[in-house]
Amino acid sequence: MNEMTPLAPRSRERKPDWIRVKAPTSVGFAETKAMMRRLNLNTVCEEAACPNIGECWTKKHATVMILGDTCTRACAFCNVKTGMPRAVDALEPQHTADAAAELGLEHIVITSVDRDDLPDGGASQFVKVIEALRRTTPSTTIEILTPDFRNKSQAAVESIVAARPDVYNHNLETVPRLYPTIRPGARYYASLRLLESVKRHDPSIFTKSGVMLGLGEERLEIHQVMDDMRSADIDFLTMGQYLQPTPRHAKVAEFVTPKAFDAYAGIARAKGFLLVASSPLTRSSYHAGDDFAKLRAARERQLARV
């Protein structure tokens, strides 16, 4: 597979049948959208143009994106807008907790834009959201998907881990070779070290990471990423198809078949991940609640064998 030029304006390729989804039209979808606007909350479902938004919002499952809707980086795969963000919303943590309560969420996923402009990269806002959720909906399990907190990761991870989310997710996104074009503001091994440090500080927190396929990666490179993740003791691997959000984003190099995703999943399970989700439409927060239940069950089985 050839490496592509990521930012040249090109037309998007026609999607294969296995990647197409229906446009969202349900009552549940409209109600979820209205609630998010009323609480002044952003969602990665909308900002990242997730293909599963119709299914998830119909079920009243939404992934809140904190720290605003503007990212300080410009990754070639991401649809979130780039620029100078606004001031951090002090009401955002409680509004997030209110949304979880109103939706009746048993499990919530919280992510954010990159905020390189903030002294702590936005880590304190994650802590405040976790604390608000624990106060308002104490039975809701909490999964966070953080940025890499560039040059601030040690203090950021320590503060967030102390707040004890149930799952700590940080996506590697792609193979090291493609970082300069796909994820130029980040460093592959820094992201690995971040996830490793979560486990070092609190082994009871599940760690999770994901990669996109179809960006020009080679099969053996994906196998190496799996090995790197296992060396960092990552519990849960997600793998999904990269979809080009606009003609100015990185071009899809390949639409990976469902059969190939299944093969990758089999290899990942053999390498020792507690859980693997691998399909064209898999995304970090897709079916996250069901997957968390599977994670806990897998750990219990693992401990029973010891």
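So, here is what we can say about the structure in this document. These numbers come from a predicted model, not from an experiment.

## Side note on the sheet that holds strand 2 (residues 64-66)
Next, step 1: Here we have 8 strands laid out as an open sheet, ordered 1-2-5-6-7-8-9-10, and mixed in their pairing. The open sheet is flanked by strand 1 (42-43) and strand 10 (275-278), the only strands paired with a single partner.
Next, step 2: Direction of pairing for strand 8 (residues 206-213) relative to strand 9 (residues 236-241): parallel, over a ladder of 6 bridges. Considered in strand 9, the bridge of Gly210 is made with Thr238.
Next, step 3: The strands touched by helix 10 (residues 258-270) within the sheet are strand 8, strand 9 and strand 10, with strand 10 carrying the most contacts at an inclination of about 170 degrees.

## Some points on the pairing of strand 9
Next, step 1: In terms of burial, strand 9 is a largely internal element, 6 of the 6 residues being buried.
Next, step 2: By the alternation rule, side chains of strand 9 split into Phe236, Thr238 and Gly240 and Leu237, Met239 and Gln241, which are all buried.
Next, step 3: Between strand 8 and its parallel partner strand 9, the chain crosses via helix 9 (residues 219-231), and the hand of that crossover is right-handed.
Next, step 4: In the sheet, strand 9 pairs with strand 10 via 4 bridges, with the strands oriented parallel. Residue pairing in the sheet places Leu237 in a bridge with Val276 of strand 10.
Next, step 5: As a crossover connection, the stretch from strand 9 through helix 10 into strand 10 is right-handed.

## Details of the pattern of salt bridges
Next, step 1: Per the counting criterion, the structure on display carries 14 salt bridges.
Next, step 2: Between Arg73 and Asp114 there is a salt bridge; the shortest N-O distance is 3.7 Å. Note that Arg73 is positioned in the loop between strand 3 (70-71) and strand 4 (81-82) and Asp114 in the loop between strand 5 (107-112) and helix 5 (123-136), a separation of 41 residues in sequence. Summarising the burial analysis for this pair, Arg73 and Asp114 share the class buried.
Next, step 3: Two residues, Asp227 and Lys271, come together in a salt bridge whose shortest N-O distance is 2.8 Å. Separated by 44 residues along the polypeptide, Asp227 in helix 9 and Lys271 in the loop between helix 10 and strand 10 bring together distant segments of the chain.
Next, step 4: Assessed through its relative accessible area of 30%, Asp227 is described here as partly exposed.

Cut-offs used in this document
- Residues numbered from 1 in each chain as written.
- Predicted model: local features only at pLDDT ≥ 70, side-chain atom pairs only at ≥ 80, totals over all residues.
- Heavy atoms only, no water.
- Pairing = 2+ DSSP bridges.
- Helix = DSSP H or I, 4+ residues; strand = E, 2+ residues; numbered from the N terminus.
- Contact = heavy atoms within 4.5 Å.
- Axes fitted to C-alpha atoms, helices over the stretch in contact; angles between N-to-C directions.
- Buried < 20%, exposed > 50% of the residue type's maximum accessible area, 1.4 Å probe, protein only.
- Right-handed = clockwise from strand over helix to strand, strands pointing away.
- Salt bridge = Lys/Arg side-chain N within 4 Å of Asp/Glu carboxyl O.

Everything listed here is a matter of geometry and, on its own, says nothing about what the molecule does.
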